[in-house]
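This is what each chain is made of:
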Amino acid sequence: MATIAEAAAHICCSRSQFDQYLAEGVITRQPSGKYDLDQVRREVLAHLRSVAAGRGGAAGNNLTEERTRLVAAKRRREERRDAFEAGQLVELESVCRCLEETLVGMRNRLLNLPGETAFLLAMRPQAECYEIVDAAVRVALEEIADPAWTAARVAAAGIESKGVKSDDKEEDVADVA
């Protein structure tokens, strides 16, 4: 039987390291002066083997947690890739580019209306001017609402459409070019 100081010297560690082993439960706490040197040595060696194998100690817990996080991250990445390939997700950059091109085209088309109608409005009565402008605005809005016009803008943005079978119908789905 040995004291804590003798047991620490027997396993070649400091008193503070021995106290840490006691706090972590590596070494079974005994009454003062009652430590069995063989038992202390076996417990410390078992702990050190466990740590070296990556199964024990603070390093082992961190390694296990890190591996778990890595596997979860890989799983999430694969789920995103599968969803993207299935057409459930799109790249935000391509959607933004498509919307920007569409909105710029709409803006330009509407800003061209005054120039297109100015020569038609010269020396006309107010009611006739209203009808001409109203008709021009409606034509421009119909043009903007036309899928062919939007498709031209989408193509200009670098997006291509490909047919995807869904419930025995073919649908157009935007895909990154």
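Scroll up for the structure.
For the structure given in this document, a descriptive report is provided here.

Analysis parameters
Residues numbered from 1 in each chain as written. Predicted model: local features only at pLDDT ≥ 70, side-chain atom pairs only at ≥ 80, totals over all residues. Heavy atoms only, no water. Helix = DSSP H or I, 4+ residues; strand = E, 2+ residues; numbered from the N terminus. Buried < 20%, exposed > 50% of the residue type's maximum accessible area, 1.4 Å probe, protein only. Contact = heavy atoms within 4.5 Å. Areas by Shrake-Rupley, 256 points an atom, 1.4 Å probe, with all protein chains shown as cover. Expected span 1.5 Å × (residues − 1). Arc of directions from axis to C-beta. Core = buried A, V, L, I, M, F, W, Y, C linked by side-chain atoms within 4.5 Å. Disulfide = S-S within 2.5 Å. Patch = residues over 30% accessible without salt bridge, like charges linked within 9 Å, V, L, I, M, F, W, Y side chains within 5 Å. Salt bridge = Lys/Arg side-chain N within 4 Å of Asp/Glu carboxyl O.

### Observations concerning the overall build of the chain
Argument step 1. For the chain, the helix and strand inventory stands at 8 helices and 2 strands.
Argument step 2. Mapped in sequence order, the helices and strands of the chain form the string α-α-α-α-α-α-α-α-β-β.
Argument step 3. Expressed as a percentage of the 177 residues in the chain, the buried residues total 21%.
Argument step 4. Within the chain, contacts between residues at least 6 apart in sequence are counted, and of these 41% link residues at least 24 apart.
Argument step 5. A total accessible area of about 12800 Å² is found for the chain, and carbon and sulfur atoms account for 55% of it.

### Things to note about helix H3 (residues 37-52)
Argument step 1. For H3, built from 16 residues, the straight-helix expectation of 22 Å at 1.5 Å per residue is met to within 8% by its first-to-last C-alpha distance of 22 Å.
Argument step 2. Regarding H3, the residues found buried are Val40, Glu43, Val44, His47 and Ser50. Looking down the long axis of H3, one finds its buried residues gathered within 125° of arc, a one-sided arrangement. In this structure, H3 carries Arg42, Arg49 and Ala52 as exposed residues pointing more than 90 degrees from its buried face.

### Here we look at the nonpolar core
Argument step 1. Among the nonpolar cores identified, the biggest contains 13 residues, and Ile11, Phe18, Tyr21, Ile27, Tyr35 and Val40 are the most heavily contacted of them.
Argument step 2. Of all the secondary structure elements, the ones that give two or more residues to this core are helix H1 (4-10), helix H2 (15-24) and H3.
Argument step 3. Apart from the residues within four sequence positions on either side, Tyr35 is in contact with Met1, Ala2, Thr3, Ile4, Ala7, Phe18, Leu22, Ile27, Thr28, Arg29, Gln30 and Val40.

### Quick word on the state of the cysteines
Disulfides are covalent bonds that connect the sulfur atoms of two cysteines.
Argument step 1. For the structure shown, the criterion picks out 0 disulfides.
Argument step 2. The thiol sulfur of Cys12 is not disulfide-bonded, and the nearest other cysteine sulfur, from Cys13, lies at 8.1 Å.

### Digging into helix H7 (residues 126-145)
Argument step 1. Look at H7: 28 Å from first C-alpha to last across 20 residues, which is about the 28 Å you get at 1.5 Å a residue.
Argument step 2. Among the residues of H7, those classed as buried are Cys129, Ile132, Ala136, Ala140 and Ile144. Along the axis of H7, the buried residues cluster in a sector spanning 105°; they form a single face. Turned more than 90 degrees off the buried face of H7, the exposed positions are Ala127, Tyr130, Glu131, Arg138, Glu142 and Ala145.

### Side note on a nonpolar patch on the surface
Argument step 1. A cluster of nonpolar side chains, contributed by Val90, Val95, Leu99 and Leu103, occupies part of the molecular surface with about 340 Å² of accessible area.
Argument step 2. Its place among the elements puts Val90 in the loop between helix H4 (57-85) and helix H5 (92-111).

### Brief notes about the pattern of salt bridges
Pairing is possible between side chains that carry opposite charge, provided their charged atoms lie close to one another.
Argument step 1. Per the stated rule, a full pass over the model turns up 10 salt bridges.
Argument step 2. The residue Arg97 makes a salt bridge to Glu93 at a minimum N-O spacing of 3.7 Å. Of the two residues, Arg97 and Glu93 are both situated in helix H5; the distance of 4 residues between them amounts to about one turn of the helix.
Argument step 3. For Arg97, a relative accessible area of 29% translates into the label partly exposed.

Keep in mind these numbers describe shape, not what the thing actually does.
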